[in-house]
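Each chain is listed here by its residues.
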Amino acid sequence: MGFFKKLNKGLKKTRDNMSGAINAALYGKNEIDDEFYDELEEILVMADVGVNTSAEIVEKLRDAVFKKNLRRAKDVKEEIKNIVADMLSGGETIDMVTIPSVILVIGVNGVGKTTSIGKMAAMFKEEGKKVILGAADTFRAAAIDQLEIWADRAGVDIVKHKEGADPAAVVFDSIQAAKARGVDVVIIDTAGRLHNKANLMNELNKITRVIRRELPEADIETLMVLDATTGQNGLIQAKQFLDTADLTGIVLTKLDGTAKGGIVFAIANDLQLPVKYVGVGEQIDDLLEFKPAEFVEALLS
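Residues numbered from 1 in each chain as written. Predicted model: local features only at pLDDT ≥ 70, side-chain atom pairs only at ≥ 80, totals over all residues. Heavy atoms only, no water.

### Regarding the sheet that holds strand 7 (residues 275–279)
The eight strands lie next to each other as 3-2-4-1-5-6-7-8, forming an open sheet whose pairing is mixed. Each of the sheet's edge strands pairs with one partner strand only, and the pair in question is strand 3 (157–159) and strand 8 (287–289). Within the sheet, the average angular offset between the axes of one strand and its neighbour, ignoring direction, is 25°. (Pairing = 2+ DSSP bridges. Helix = DSSP H or I, 4+ residues; strand = E, 2+ residues; numbered from the N terminus. Axes fitted to C-alpha atoms, helices over the stretch in contact; angles between N-to-C directions.)

Structure, rendered in structure tokens:
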């Protein structure tokens, strides 16, 4: 299945909910009035776009309708697409020029972090890159085993220690292995939760220091995995992690399982973080690079 077909299929629940409601609100309108704007804002909020972001989209649409003298429903819908695509654009490209490059993956337990790492590894391998996984989530029972299963599925190497080992030591060994084996991409799994926020922050800082010391010139992406089905709760999680980690982007999983995929707009606008990948299914090739224009077309077509 091609990229757009996968995206189209994965966004069906949100598209039926969001695009269908916008079409219904526009249907039979001879002019774009306050009633429509109020209805649009409500539709966006209900799709988890968020109150502030929804208000901003509506305000930009008001301005565009007035300045461009838009009358037809089709033109108004296209303008909505333009506004939200622009909101999502910028920073979505993964920056991995150096060999090796490092992707540090964080996120609370249960969001699909390990699964996303496995799918990412498979994607890079498909592109001809050599990948190694670092099992630095040593605190959660079975986390290492789960990552090993995904390493096998993706056909990539894994560096692991025993449960309870020092995560920074795992990262150190992963980097040494990457250097020795000529690896292109090192993907590091990290703890999603420790005893308290300070412990988590210290652990992430320690890991980052090891990477910077051993690979001072390397491109590093710090990606947070969010479960789209958790909606605004996911946004709260991301805000908490923003305080503890230098995030460069978001991996949004389980978009196929929610009718409220509008959370992507709240992430981009409220957090000022780019979405790098989206998960739209259970298969190993169902993690897709985020492309704003294609995403919006699949969501609002």
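Following the structure, the description resumes.
### Considering the confidence of the model for the protein chain
Caution applies to low-pLDDT regions: their predicted coordinates should not be interpreted in detail. Within the protein chain, residue pLDDT values average 90, and 97% of them lie at 70 or more. Averaged over each element, pLDDT in the protein chain is lowest for helix 10 (residues 232–242) (79) and highest for strand 2 (residues 131–135) (98). (pLDDT = per-residue confidence, 0-100.)

### Concerning the packing of aromatic side chains
We describe a pair of aromatic rings using the distance from one ring centre to the other and the angle between the two ring planes. Scanning all chains against the criterion turns up three aromatic pairs. Note on Phe265 and Phe295: the rings are 6.5 Å apart at their centroids and 70° apart in plane angle, and the pair reads as edge-to-face. With Phe265 in helix 11 (residues 263–270) and Phe295 in helix 12 (residues 292–300), this residue pair connects regions lying 30 residues apart in the sequence. Here a set of aromatic residues connected by ring pairs shows up, and it is made of Phe265, Phe290 and Phe295. (Phe/Tyr/Trp six-rings, centres within 6.5 Å; stacked < 30°, edge-to-face > 60°.)

### Some thoughts on the packing of helix 6 (residues 113–126) against helix 7 (residues 143–154)
Helix-helix packing is characterised by the crossing angle of the two axes and by the distance between the axes. Taken N-terminus to C-terminus, the directions of helix 6 and helix 7 make an angle of 20°; their axes are 9 Å apart at the nearest point. When the axes of helix 6 and helix 7 are compared, the pair comes out roughly parallel. In this structure, helix 6 crosses over helix 7, and the sense of that crossing is right-handed. Between helix 6 and helix 7, the residues in contact are Thr114, Thr115, Ile117, Gly118, Lys119, Ala121, Ala122 and Lys125 and Gln146, Leu147, Trp150 and Ala154, respectively. Looking at the contact of helix 6 with helix 7 residue by residue, the class counts come to six nonpolar, four polar and two charged. (Parallel < 35°, antiparallel > 145°, perpendicular 65-115°, else oblique. Left-handed = near helix turned anticlockwise from the far one by under 90°. Contact = heavy atoms within 4.5 Å. Nonpolar A, V, L, I, M, F, W, Y, C, P; charged D, E, K, R; others polar.)

### Examining the pattern of salt bridges
Taken as a whole and judged by the stated rule, the model has 21 salt bridges. Note that Asp227 is salt-bridged to Lys254, the shortest N-O span being 3.3 Å. Residue Asp227 is found in strand 5 (residues 220–227), and its partner Lys254 is found in the loop between strand 6 (249–253) and helix 11; the two are separated by 27 residues along the sequence. Take Asp227: its relative accessible area is 8%, and that puts it in the buried class. Residue classification places Lys254 among the partly exposed positions, given a relative accessible area of 33%. Here the salt bridges share partners, and the residues they tie into one network are Lys113, Asp137, Arg140 and Asp189. (Salt bridge = Lys/Arg side-chain N within 4 Å of Asp/Glu carboxyl O. Buried < 20%, exposed > 50% of the residue type's maximum accessible area, 1.4 Å probe, protein only.)

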